[in-house]
Amino acid sequence: MATASITGAVVVVNVEGDTPLRLDMSLQRHSYRHCATSTTAGELNSLLYAAVDNATITAEAVEVGEQIEGLLAKAKGSWKALFGKTLTVGSGRTYLVDNSGLNPNGSPNHFFVTGGANVWAQVSQADYVAARDVRRLEEAIATRRERGDTYDYVNPKKLNEKQREAGGAANPVVAAVLAARVSLDAAAADDTAFIAVSGRKDLVSLIRNT
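Cut-offs applied
Throughout this document, residue positions are counted from 1 along each chain, in the order its sequence is written. Owing to the predicted nature of the model, reporting of local features is limited to residues with pLDDT of at least 70; listing and counting of side-chain atom pairs is limited to 80 or more, with chain, interface and lining totals taken over all residues. Hydrogens and water molecules were not included; the side-chain quantities draw on all heavy atoms of the structure. Secondary structure elements are taken from DSSP: a helix is a run of H or I of four residues or more, a strand is a run of E of two residues or more, and numbering for both begins at the N terminus. In what follows, a contact means two residues having at least one pair of non-hydrogen atoms within 4.5 Å. All accessible-area figures derive from a Shrake-Rupley calculation using a 1.4 Å probe, and residue coverage is judged against the displayed protein chains alone. To define a nonpolar core, start from buried Ala, Val, Leu, Ile, Met, Phe, Trp, Tyr and Cys residues and group those joined through side-chain atoms within 4.5 Å. Think of it in three bands: residues with accessible area under 20% of the maximum for their type are buried, residues over 50% are exposed, and the middle band is partly exposed, with areas taken using a 1.4 Å probe on protein chains only. Any two strands with at least two DSSP-identified bridges between them are counted as paired. Confidence of the prediction at every residue is given by pLDDT, a number between 0 and 100. Here the expected span of a helix is defined as 1.5 Å times the quantity of residues minus one.

1. What to know about the overall build of the protein chain
So, step 1. Of the regular secondary structure elements, the protein chain holds seven helices and eight strands.
So, step 2. Principal-axis analysis of the C-alpha atoms places the extent of the protein chain at approximately 70 × 35 × 25 Å.
So, step 3. Relative to all contacts within the protein chain whose residues are 6 or more apart in sequence, the contacts with residues 24 or more apart total 55%.
So, step 4. By element, 51% of the accessible surface of the protein chain is carried by carbon and sulfur atoms, the whole surface being about 10100 Å².

2. Notes on the nonpolar core
So, step 1. Membership of the largest hydrophobic core comes to 33 residues, with the highest contact counts inside it found for Leu47, Trp120, Leu137, Leu159, Val173, Phe194 and Val197.
So, step 2. When residues of this core are traced back to their parent elements, those giving at least two are strand 8 (119-124), helix 3 (125-146), helix 5 (172-186), helix 6 (191-198) and helix 7 (201-208).
So, step 3. Take this core: its biggest share by element is seven residues, from helix 3.
So, step 4. Contact partners of Val197, with chain neighbours within four places excluded, come to Tyr32, Leu47, Leu48, Tyr49, Ala50, Trp120 and Ala131.
So, step 5. With 25 residues, the next largest nonpolar core counts Val15, Leu27, Ala61 and Leu87 among its residues.

3. Here's the deal with the pairing of strand 1 (residues 3-7)
So, step 1. Looking at chain direction, strand 1 and strand 2 (residues 10-15) are connected through five bridges and run antiparallel. From the neighbouring strand, Ile6 faces strand 2, where its bridge partner is Val11.
So, step 2. The loop that links strand 1 with its antiparallel partner strand 2 comprises two residues; one of these, Gly8, has a positive phi angle of about 65°.

4. A closer look at the confidence of the model for the protein chain
So, step 1. Looking at the protein chain, the pLDDT average stands at 94 and 99% of residues meet or exceed 70.
So, step 2. Taking the mean pLDDT of every element in the protein chain, the minimum, 92, falls on strand 4 (residues 44-48) and the maximum, 98, on helix 6.

5. With respect to helix 2 (residues 54-74)
So, step 1. Taking 1.5 Å per residue as the helical rise, helix 2 with its 21 residues ought to reach 30 Å, and the 31 Å between its terminal C-alpha atoms agrees with that figure.
So, step 2. Considered for burial, the residues of helix 2 that qualify are Ile57, Thr58, Glu60, Ala61, Val64, Gly65, Ile68, Glu69, Leu71 and Leu72.
So, step 3. Immediately downstream of helix 2, the backbone of Lys76 shows phi near 55°, a positive value.

Have a look at this one:
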């Protein structure tokens, strides 16, 4: 039976049976919840919406692993049965299996979400960076809250007042808003895409209106 777990920002699937395999999916590249720590983006990316939590990601990774076990059994352990294979899980989301070297004769070691409900597919590099910066803003506010800061950062008027304070530009939330504004301005997608993936219309509005 396949197993899966999340370690850091990677979901790992272990496939058992006569042809054991380990496959990884980078959550930095493929989950809005985890993209804030990313420093790079591919030419094309995909992002699971914020609504898709870690438990769901792990469960679907197990589904992927179990389908891989079935395919390997039918193919008598041949890896060629897997490379470039799109697998559909119970939610209707699709995952592509390949390997990091894109070698069709190599052992599959990589999979990633490609489509379905609550997935932003074929995300350009500029759009990915903008989504990441919205998430960074969300995390900056959460960090201030954890430290007991009750300031109303989501209120554009209040945020402008904070920015005008002495040293205000160095405030982590102000800095995150300014960075996100630059990346949103450079993005090709309209704001509805960023609202959908993040579930944070308030933050997208804050970025646009301060």
